[in-house]
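# Structural overview
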Amino acid sequence: MDHFKATKVVIITEQMILDQVAHLIENAGARGYTVTPAGGKGSRGVRSTGRAAVIDGFSNVKIEVITGSKEAANRIADEVTERFFDHYSGITYLEEVEILRQDKFALLIQS
Amino acid sequence: MDHFKATKVVIITEQMILDQVAHLIENAGARGYTVTPAGGKGSRGVRSTGRAAVIDGFSNVKIEVITGSKEAANRIADEVTERFFDHYSGITYLEEVEILRQDKFALLIQS
Amino acid sequence: MDHFKATKVVIITEQMILDQVAHLIENAGARGYTVTPAGGKGSRGVRSTGRAAVIDGFSNVKIEVITGSKEAANRIADEVTERFFDHYSGITYLEEVEILRQDKFALLIQS
Amino acid sequence: MELALEFFSRLLTQFQSPALAFLMGGMLLAACGSKLTIPDSIYRFCVFMLLMRIGLEGGMAIREADLSAMILPAVISIFLGCAIVIVGRLTLARLPGVNTEDGIATAGLFGAVSASTLAVAMALLEEQDVFYEAWVPALYPFMDIPALIIAILLANIYLAKQKGSKREKVQVKSIITDSLRSAALSALLLGLLLGLLTHPERVFESFYDPLFRGFLSVLMLTMGMEAWTRLSEMKRVAHWYIVYGAIAPLMHGLLAFGLGYIAHELTGFSPGGVILLAVIAGSSSDISGPPTLRAAIPSANPSAYIGSSTSVGTPVAIVIGVPLYIALADAVFGL
Amino acid sequence: MELALEFFSRLLTQFQSPALAFLMGGMLLAACGSKLTIPDSIYRFCVFMLLMRIGLEGGMAIREADLSAMILPAVISIFLGCAIVIVGRLTLARLPGVNTEDGIATAGLFGAVSASTLAVAMALLEEQDVFYEAWVPALYPFMDIPALIIAILLANIYLAKQKGSKREKVQVKSIITDSLRSAALSALLLGLLLGLLTHPERVFESFYDPLFRGFLSVLMLTMGMEAWTRLSEMKRVAHWYIVYGAIAPLMHGLLAFGLGYIAHELTGFSPGGVILLAVIAGSSSDISGPPTLRAAIPSANPSAYIGSSTSVGTPVAIVIGVPLYIALADAVFGL
Amino acid sequence: MELALEFFSRLLTQFQSPALAFLMGGMLLAACGSKLTIPDSIYRFCVFMLLMRIGLEGGMAIREADLSAMILPAVISIFLGCAIVIVGRLTLARLPGVNTEDGIATAGLFGAVSASTLAVAMALLEEQDVFYEAWVPALYPFMDIPALIIAILLANIYLAKQKGSKREKVQVKSIITDSLRSAALSALLLGLLLGLLTHPERVFESFYDPLFRGFLSVLMLTMGMEAWTRLSEMKRVAHWYIVYGAIAPLMHGLLAFGLGYIAHELTGFSPGGVILLAVIAGSSSDISGPPTLRAAIPSANPSAYIGSSTSVGTPVAIVIGVPLYIALADAVFGL
Ligand SMILES: Nc1ncnc2c1ncn2[C@@H]1O[C@H](COP(=O)(O)O)[C@@H](O)[C@H]1O
Ligand SMILES: Nc1ncnc2c1ncn2[C@@H]1O[C@H](COP(=O)(O)O)[C@@H](O)[C@H]1O
Ligand SMILES: Nc1ncnc2c1ncn2[C@@H]1O[C@H](COP(=O)(O)O)[C@@H](O)[C@H]1O
Ligand code: NA
Ligand code: NA
Ligand code: NA
């Protein structure tokens, strides 16, 4: 099977803004994303998994988007950072990956 | 410590076929794999974490395999795609990584 | 936004030593880390997610640290391997990533 | 006329039952966009509790039961499990816009059994002190397993014909063991076994029995939310699934009621038993059926069969079916 | 003098109540570094149980209640919700070292309502057979929602002034729907509805009611652990938050007690109702308030408002507030 | 002869106890490959409930208890905790094919205590109205902590000798605080404290006590599944672990029974207390012991000690040990 270069954007942030980040990702034309629960420590203190999250929405999630377009990846990473990370805790980074079915990761032209 | 190049195969798919995918991975000679629960959105709709998964096996898992052999990595990625992704939802991709203890990721010669 | 090269260290090991590994990471000057629950299979048998973990601390965690200093990344990977992986099960590997806000991943000078 | 009025007033009373109310409450919450969720582990525990309770009670009661009376209803159950699927194959699966495999899988799910629907009916009968034989809940696997086997068989025959190839041998034995190993059936059977062989009276009376209604209400709430949430999936499939999901449960239930009535006349099968037989037939599998079908008929679209069962079939079976059969039994047998 | 003594002896008895004991037990465990944790899903289920129980009981009782008597207390609740936030804006938010947005958000949280604090008070009143009107718990949203709206409004006005820009229109409607959709309020309202329209008596009596105290104890334990764990966050913010967190709940509660007393004189509002009104006003939101504020005032530092509410406000409201109002009512009305 | 017959008939009755039945049911499910799982959070909550219940009951009863009578059994417990490990060091750890550290860690686990085994015995004694002193469950830490300390000490001495280096100082204090902070012991101790100092009677009677048996049954089911699942790990270690796991619990229990008998003669220690002392000694730690040992003796192979305890020791201690000591006490004291 043919393999192709693609870019993965990873966003680790507060669960509370997951819906907004997902919206931004879809608007950027990505065809999908994957979410995993996460804990961690950063500049704003420890976020734990397992322990009762007494207050809704303050635990972390890790969101991963793969897209065939490096440009779209950059746009997503930049927009998330600019729009959310002044006030919400979070980081974002990009990785080069090799995908199999190119069409699954092609940019959707927004209607 | 010496570092070595290796390949990581990532497979995100329905939990239901985890056992079959794991079997395929072991048959390819990999020495281990890691599984994390995942939600996400793709061509076949949203799969959520957290909310009661009323029906067994339809949430996603993320499976990661590291192997020192790029060939074995390709084989795993291709086989999973060919065997499962016509009918089950899922994606697969590869990443270059740098490992520490080469022997832990060497291919097992199948008996 | 400017993007920069950085290194991600990934450590998959027993939950039991998470605190010690986190301590080691902080001592190495990293500013943060992310933890996700994980199951998996390696040289020491299957660790499962989902099923009741009757005995505390024996399930896996995946710890990810991003740092702007490749040296610090190497040091973390080497130290974790040397200190823990004779007796505890675990693997560690490194990946090249591209970060957005360089200062968030700069090494902290230890006091 | 008077009879009809009486019938409808009886029907109306049933609607205030808390199980139905929680189911509709769950749908309402989801429809309003509520952020309330029942955690997955709590949901799983509710299912476990209900099945263990049904099993334990059955097991304890069966000790003194005359099991020979079970033979006819068991045969009827097997017949119903097969018949429902075959009828679905010949109707739903042939409709325009319905993909044949999808239709077969859907019929399979409606032939199979829902433990939660059964639990609702049992709670209602107990509330109204309607007697049924202790072994009636044990009819579950006699209908569930044949339905799944027939569906998988029919799908394989169809697919083999399509491809012009020889059809794969259906692993009947592995479908049976897979079904028995599913979380639902193994909890039920373990409960039966423990009830039969040991003395769980105290734990039953202090835990499984008193908490039954409560956990059932939580389960209904969850299923109501799920039913509404999955409605959107129905938009992507043919409208026939909605029609089938709405009509089939009641047809199946009434057919079973009729056969149960015959068993009543022949062997004295209790009116409560007839009601539960109708409920079992009218229910469609929501927990263990879908993964079995997904694994065995991978080319069938799960949105079609899960949507029609979870979002249409189960609410109809619970909200209309259960009260209907009780009211009917009241009219026919005088409860 | 004698009165004072009697008052304090009454106060002392309240302290042995298990709800308070479990709260302090949780703080003790966290302080000792215990590794005991209550799983997240269990905690969520406890919250669900309490709210559903409060709702169901209210709904069933409201059927026969005279709802016109509710008007005055509801108006008082709205007034209190607004007043508490405005006073907080003018005091806490102006103190040196207190960031204005942070102060406003904190006042909003203290104006909003904690279901768990309310549940503790209800359990205590029931234990002591103190009557209150069935609709009193339904005052919750009448205080909660206005408080959150006013806080968001004041923050936006302030931020607009800061930036010299025109202030954004506050989406009052979306704050209201968001509040009603929150897990807490939607469970409470669904319970009310089900209690009002259906017959959940049996499931209430076999499940929601008897397990109420138990799940409340687990909830208190969890909140105690959380309160202690979050204390460390308080170190990073001004000391004024601790002062406010310690004093405000009692001030709010006493103010509400006074207004409730007037309603008692005017319309015969029950002493138990007066106590619960004080409890509601003295409580600060711990479940659904924080995410609402975080979303609507993103520039406010959550460590400030969550810390002062969870680690200081709620323990004070429960451990000192609840016993205080009961003892006070006993002195004033003679319970 | 007649005595022996009577003894065995008594033993047989015990086997129908639901706790044992659920344990064996769990093993059966796992053996059949059932997909039923008890969610992790439910399991944790079961453990919490049992320990809190044991603690609360003990605490409330201790208020009036004569604690001086506890001194001798407490001393016996400490002695047993140490003796069991030392004997294990001299026997198991010296057997061919047994890695010395692994053997020491295993002996440590068998010297330590299992709360669930204790809970099973308490449920059985209560069912049969056998009295025991309220403080008996509080003997738990007196045996558990010394056993873990001695095991870690012996392992360190051995490892130092191996390496020819000076042995590291064992942090006795940190082992004690770590043990007290473990989820199991801190729930038990908090329960004791709350029972002693506050009035949890109502929450105890409405929640912790009535649900005790039920949650115990769920716990037993989970442990049964775990026992079977881990059996496969035993294949990778020497057979001696199976032998030790099968025999040691009964030896330890009978030794404790003997010492308890002496205490009975000397200070009137109750027959129920003697039974529980034997159960505590015969049990092997399943929740908090393993992580303590893993952290303190990292070179010991957890498959060896967890396997022998979870898959062999605990089932033997519960299924054979508990009934045995009850039957024995019945023969010796006449219950
Ligand atoms: N250097 C890092 N490496 C990996 N994850 C990080 C790092 N810094 C922050 N994070 C993650 O990002 C979240 C938010 O970080 P912050 O905005 O710094 O509080 C943390 O809770 C961590 O999960
Ligand atoms: N572009 C993407 N980036 C990241 N994850 C994806 C992407 N597309 C699909 N996925 C994940 O793969 C799963 C299956 O995708 P699909 O087969 O398209 O339904 C989704 O539920 C997502 O978790
Ligand atoms: N080749 C591999 N690829 C991915 N994950 C692995 C691999 N080998 C081991 N792991 C993970 O590392 C954990 C510990 O491995 P081990 O020390 O070999 O038992 C396993 O439970 C897996 O989660
Ligand atoms: Na059916
Ligand atoms: Na308030
Ligand atoms: Na022991």
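Residues numbered from 1 in each chain as written. Chains lettered and ligands numbered in written order. Predicted model: local features only at pLDDT ≥ 70, side-chain atom pairs only at ≥ 80, totals over all residues. Heavy atoms only, no water.

## Digging into the overall build of chain A
- Scanning chain A for helices and strands turns up 2 helices and 5 strands.
- In chain A, the succession of helices and strands from N to C terminus is β-α-β-β-β-α-β.
- For chain A, the proportion of its 111 residues judged to be buried stands at 59%.
- When contacts within chain A are restricted to residue pairs at least 6 apart in sequence, those whose partners lie at least 24 apart make up 84%.
- For chain A, the accessible area works out to roughly 4,500 Å², and carbon and sulfur atoms hold 48% of it. (Helix = DSSP H or I, 4+ residues; strand = E, 2+ residues; numbered from the N terminus. Buried < 20%, exposed > 50% of the residue type's maximum accessible area, 1.4 Å probe, protein only. Contact = heavy atoms within 4.5 Å. Areas by Shrake-Rupley, 256 points an atom, 1.4 Å probe, with all protein chains shown as cover.)

## Focus on the site of ligand 3
- Taken together, 20 residues form the shell around ligand 3, and within it Thr34 and Lys104 of chain B together with Ser43, Asn60 and Gly90 of chain C come nearest.
- Chains contributing residues to the immediate surroundings of ligand 3 are chains B and C.
- Contact between ligand 3 and glycine 32 of chain B: a nitrogen atom at 3.4 Å from a main-chain N or O atom of the residue.
- Threonine 34 of chain B is positioned such that a nitrogen or oxygen atom in its side chain is 2.8 Å from an oxygen atom of ligand 3.
- Against a free-state accessible area of 480 Å², the protein chains account for coverage of 99% of ligand 3.
- Counting residues per element, the ones that place at least two in the shell around ligand 3 are strand 2 (33-42) and strand 4 (60-67) of chain B together with strand 2 (33-42) and strand 5 (90-99) of chain C. (Near = heavy atom within 4 Å. Polar contact = N/O pair within 3.5 Å; in protein donor to acceptor, adjacent residues only side chain to side chain.)

## Comments concerning the interface of chain B and chain A
- Contacts between the two partners involve 23 residues from chain B, matched on the other side by 23 residues from chain A.
- At the junction of chain B and chain A, the tally comes to 4 salt bridges.
- Here lysine 62 of chain B makes a salt bridge to glutamate 64 of chain A, at a shortest N to O gap of 2.8 Å.
- Put simply, chain B and chain A have 11 residue pairs in polar contact (both at pLDDT 80 or more) between them.
- Secondary structure elements with two or more residues in the side of chain B that touches chain A: strand 2, helix 2 (70-84) and strand 5 (90-99) of chain B.
- Considering each element in turn, the side of chain B that touches chain A owes the most residues, 7 residues, to strand 5 of chain B.
- Here the side of chain B that touches chain A is built from residues that sort into 8 nonpolar, 8 polar and 7 charged. (Salt bridge = Lys/Arg side-chain N within 4 Å of Asp/Glu carboxyl O. Nonpolar A, V, L, I, M, F, W, Y, C, P; charged D, E, K, R; others polar.)

## Here's the deal with the site of ligand 1
- As a matter of local geometry, ligand 1 sits amid 20 residues, with Ser43, Asn60 and Gly90 of chain A together with Thr34 and Lys104 of chain C nearest to it.
- Looking at the residues close to ligand 1, they fall on chains A and C.
- The separation between a nitrogen atom of ligand 1 and a polar main-chain atom of glycine 32 of chain C is 3.4 Å.
- At 3.5 Å, a backbone N or O of tyrosine 33 of chain C approaches an oxygen atom of ligand 1.
- Bound to the protein, ligand 1 loses 99% of the 480 Å² it would expose on its own.
- Elements that contribute at least two residues to the shell around ligand 1 include exactly strand 2 (33-42) and strand 5 (90-99) of chain A together with strand 2 and strand 4 (60-67) of chain C.
- If you tally residues by element for the shell around ligand 1, the top one is strand 2 of chain A, at 4 residues.
- Residue composition of the shell around ligand 1, by class: 6 nonpolar, 9 polar and 5 charged.

## Things to note about the coordination of the sodium ion (ligand 4)
All names here are of chain D.
- Coordination sphere of the sodium ion (ligand 4), protein contribution only: Phe110 (O), Gly111 (O), Ala112 (O), Ile280 (O), Ala281 (O) and Ser283 (O), at 2.4 to 3.1 Å.
- Bound by 6 donor atoms, the sodium ion (ligand 4) shows angles of 64 to 166° at the metal and therefore irregular coordination geometry.
- Linear spacing of the donor residues for the sodium ion (ligand 4) on their chain is F-G-A-x167-I-A-x1-S. Of this pair, phenylalanine 110 sits in helix 5 (residues 100-111) while isoleucine 280 sits in helix 13 (residues 271-282), and the two are 170 residues apart along the sequence. This pair shows no difference in class: phenylalanine 110 is buried, exactly as isoleucine 280 is. (Donors = N, O, S within 2.8 Å, 3.2 Å for Na, K, Ca; no water. Tetrahedral: all angles 85-135°; square planar, octahedral: opposite > 155°, others 65-115°.)

## Some remarks on the pairing of strand 4 (residues 60-67) of chain A
Residues and elements named next belong to chain A.
- Of all 8 residues making up strand 4, 8 are buried, and the element is well covered by its neighbours.
- On strand 4, burial covers both faces: Asn60, Lys62, Glu64 and Ile66 on one face and Val61, Ile63, Val65 and Thr67 on the other are all buried.
- Bridging between strand 1 (residues 4-14) and strand 4 involves 8 bridges; their strand directions are antiparallel. Note that in strand 4 the partner of valine 10 across the bridge is glutamate 64. (Pairing = 2+ DSSP bridges.)

## Describing helix 13 (residues 271-282) of chain E
Residue and element names in this part refer to chain E.
- For helix 13, spanning 12 residues, the distance from its first C-alpha to its last is 16 Å, which sits close to the expected 16 Å at 1.5 Å a residue.
- The buried fraction of helix 13 amounts to 11 of the 12 residues, a majority that puts the element mostly inside the structure.
- On its buried side, helix 13 packs onto helix 4 (71-90), helix 5 (100-111), helix 6 (115-127), helix 7 (140-163), helix 12 (240-267) and helix 15 (302-333). (Expected span 1.5 Å × (residues − 1).)

## Quick look at the packing of aromatic side chains
- As enumerated under the stated definition, the model contains 31 aromatic pairs over all chains in all.
- One aromatic cluster in this structure is built from Phe207 and Tyr208 of chain D, Phe22, Phe45, Phe48 and Phe215 of chain E together with Phe22, Phe45, Phe48, Phe207, Tyr208 and Phe215 of chain F.
- One Lys or Arg, arginine 53 of chain E, reaches over the ring of phenylalanine 212 of chain E and ends 3.9 Å from the middle of that ring. (Phe/Tyr/Trp six-rings, centres within 6.5 Å; stacked < 30°, edge-to-face > 60°. Lys NZ or Arg CZ within 6 Å of the ring centre and 35° of its normal.)

## Brief notes about the pairing of strand 1 (residues 4-14) of chain C
Residue and element names in this part refer to chain C.
- Counting buried residues in strand 1 gives 9 out of 11 residues, a clear majority hidden from the surface.
- Across 10 bridges, the pairing between strand 1 and strand 5 is antiparallel. Paired with isoleucine 12 across the strands is isoleucine 91, a residue of strand 5.

## Some details on the arrangement of the chains
- Where chain C comes nearest to chain D, the C-alpha atoms are still 9 Å apart, and the two do not contact one another.
- Taking C-alpha atoms only, the smallest gap left between chain A and chain F, which are not in contact, amounts to 9 Å.

## Digging into the coordination of the sodium ion (ligand 5)
Residues and elements named next belong to chain E.
- The coordination sphere of the sodium ion (ligand 5), as far as protein atoms go, consists of Phe110 (O), Gly111 (O), Ala112 (O), Ile280 (O), Ala281 (O) and Ser283 (O), spread over 2.4 to 3.1 Å.
- Binding-site remark: the sodium ion (ligand 5) is held by donors from one chain whose sequence spacing is F-G-A-x167-I-A-x1-S. Taken together, the positions of glycine 111 in helix 5 and serine 283 in the loop between helix 13 and helix 14 (289-296) put the pair 172 residues apart, joining distant regions of the chain. Accessibility classification places glycine 111 together with serine 283 in one group, the buried group.

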